Each structure stands twice: as C-alpha cells, then as structure tokens.
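# Structural features, examined
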Amino acid sequence: MKRIELRFPKWARLAFSIGFLVSLTTGILWFCLGRWGDIEGEFGPEKHPWLGVLAKLHGAGAFFALIAFGMIWAAHVPVGWRSQLSRKSGLFTIACGWLLIITAYSLYYCGSDDWRSRIVWVHLTAGLLLPVSIVLHVRQRLRQRR
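Our subject in this report is the structure included herewith. (Residues numbered from 1 in each chain as written. Predicted model: local features only at pLDDT ≥ 70, side-chain atom pairs only at ≥ 80, totals over all residues. Heavy atoms only, no water.)

Let us now look at the overall build of the protein. Per the secondary structure count, the protein includes four helices and two strands. Along the protein, helices and strands appear, N-terminal first, in the series α-β-β-α-α-α. Reported as C-alpha extents along the three principal axes, the dimensions of the protein are approximately 60 × 30 × 30 Å. Burial analysis of the protein (146 residues in total) assigns 29% to the buried set. Of the contacts formed within the protein by residues at least 6 apart in sequence, a portion of 69% connects residues at least 24 apart. Here the protein has roughly 10500 Å² of accessible surface; of this, 69% comes from carbon and sulfur atoms. (Helix = DSSP H or I, 4+ residues; strand = E, 2+ residues; numbered from the N terminus. Buried < 20%, exposed > 50% of the residue type's maximum accessible area, 1.4 Å probe, protein only. Contact = heavy atoms within 4.5 Å. Areas by Shrake-Rupley, 256 points an atom, 1.4 Å probe, with all protein chains shown as cover.)

What follows is the structure, given as structure tokens:
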C-alpha cells in the first residue's frame, strides 16, 4: 500500500479544482442574478431564467468538491496534523468547508424564509473565504518548504 502524503496526486487536485471552481463560479453567478438579475417578463418583473440551471450546476460542482473534501479529511488532515505544519491555515480551511456543508444542508431543508435569508449570507461568506483560505494554506506550505 502506498504511503499517504501531504501532496495530492494530479488527478485529485484536478478533480477538486474543477468541482470547486464550478461551484464557486455558479454560486457567485446564482447569487448575483438572484439579487440583481430580475428581468421584465410578460406579466412584470420575474427572476432570471438561468437561476435553475445555475443551481443545478452549483450542486454538481458541490458534489465533486464534497468528494474532494472527504478525501482531504480522510488522508490529508491526519497526516498534516501529525506533521504540525500549517495548522492554523488548515483549520481555517477545514472550518470554511464544514460551514459550507452545514449551511448548504440548512438552505436545502430550511423552511423559514427569515432563517434562510441569514443562512444565505453565511454560506456566501464561507464560500468566498474558502478560496482565500486555500491560497493562504498552500502559500504557507510553499514558504515552509523553502
């Protein structure tokens, strides 16, 4: 059996990157079109017709990202924790990921419009912070290597 390392294979990085970027891009587009993208319909203002497609693509990208998150949680986190390298940035990245998972579930099943509007903002914030935390985590590790 091959030893688990901190560095991911190319295929895993590619799968994670594609899923994450699809989810990030469609999430931002969905949010913007949902807030400011109303169009003039036959009977007055209505929501943008792309919202449904974007939500489906966002969910598909999120499934890929969730699979990658599971791989990171199972392989990368235990090895990284034992190495004692980049713990703070790693914890911040993991916290963003868990917050996205919890808020996504809450958005899907929440019945209250009042709670839903709050959860959307938490989900959006965590989604925008995740790429920042990943970049910080990777940069910190690259600096440690040098």
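Read on for the rest.
Turning our eyes to something else, we now look at the packing of helix H2 (residues 51-83) against helix H3 (residues 87-109). One can describe the packing of H2 onto H3 by two numbers: an axis separation of 12 Å at closest approach and a directional angle of 155°. In terms of axis orientation, H2 runs roughly antiparallel to H3. The chirality of how H2 crosses H3 is left-handed. Note on element contacts: H3 touches H2 through Arg-87, Leu-91, Ile-94, Gly-97, Trp-98 and Ile-101, opposite Leu-66, Phe-69, Ile-72, Trp-73, Val-77 and Trp-81. (Axes fitted to C-alpha atoms, helices over the stretch in contact; angles between N-to-C directions. Parallel < 35°, antiparallel > 145°, perpendicular 65-115°, else oblique. Left-handed = near helix turned anticlockwise from the far one by under 90°.)

To continue, consider the environment of Ala-68. Counting through the fold element by element, Ala-68 comes out in helix H2. Judged by its relative accessible area of 6%, Ala-68 is buried. Along the chain, Ala-68 and Gly-19 lie 49 residues apart, while their C-alpha atoms are 8.4 Å from each other.

All right, on to the pattern of salt bridges then. Between side chains of opposite charge, a pair can form when the charged atoms approach closely. As enumerated under the stated definition, the model contains two salt bridges in all. The closest approach of N and O atoms between Asp-38 and Lys-47, which form a salt bridge, is 3.6 Å. (Salt bridge = Lys/Arg side-chain N within 4 Å of Asp/Glu carboxyl O.)

So, about the side chain of His-48. With respect to the helices, strands and loops of the structure, His-48 is situated in the loop between strand S2 (44-46) and H2. A residue is classified by how much of its surface remains accessible, and His-48, at 18% relative accessible area, is buried. Within the local environment of His-48, its side chain forms a polar contact with the backbone nitrogen of Trp-50, the two atoms lying 3.1 Å apart. In this structure His-48 touches Leu-33, Gly-37 and Ile-39, once residues within four positions along its chain are discounted. (Polar contact = N/O pair within 3.5 Å; in protein donor to acceptor, adjacent residues only side chain to side chain.)

Take the side chain of His-123 next. Inspection of the secondary structure puts His-123 in helix H4 (residues 113-145). Judged by its relative accessible area of 16%, His-123 falls in the buried class. Excluding its chain neighbours within four sequence positions, the residues that come into contact with His-123 are His-58, Leu-100, Thr-103, Ala-104 and Leu-107.

With that settled, the discussion passes to the packing of helix H1 (residues 10-36) against H2. It is the contact of H1 with H2, at a shortest axis distance of 7 Å, that shows an interaxial angle of 145°. Of the two elements, H1 crosses H2, and the hand of that crossing is left-handed. In terms of residue class, the contact of H1 with H2 is made up of 19 nonpolar, seven polar and no charged. (Nonpolar A, V, L, I, M, F, W, Y, C, P; charged D, E, K, R; others polar.)

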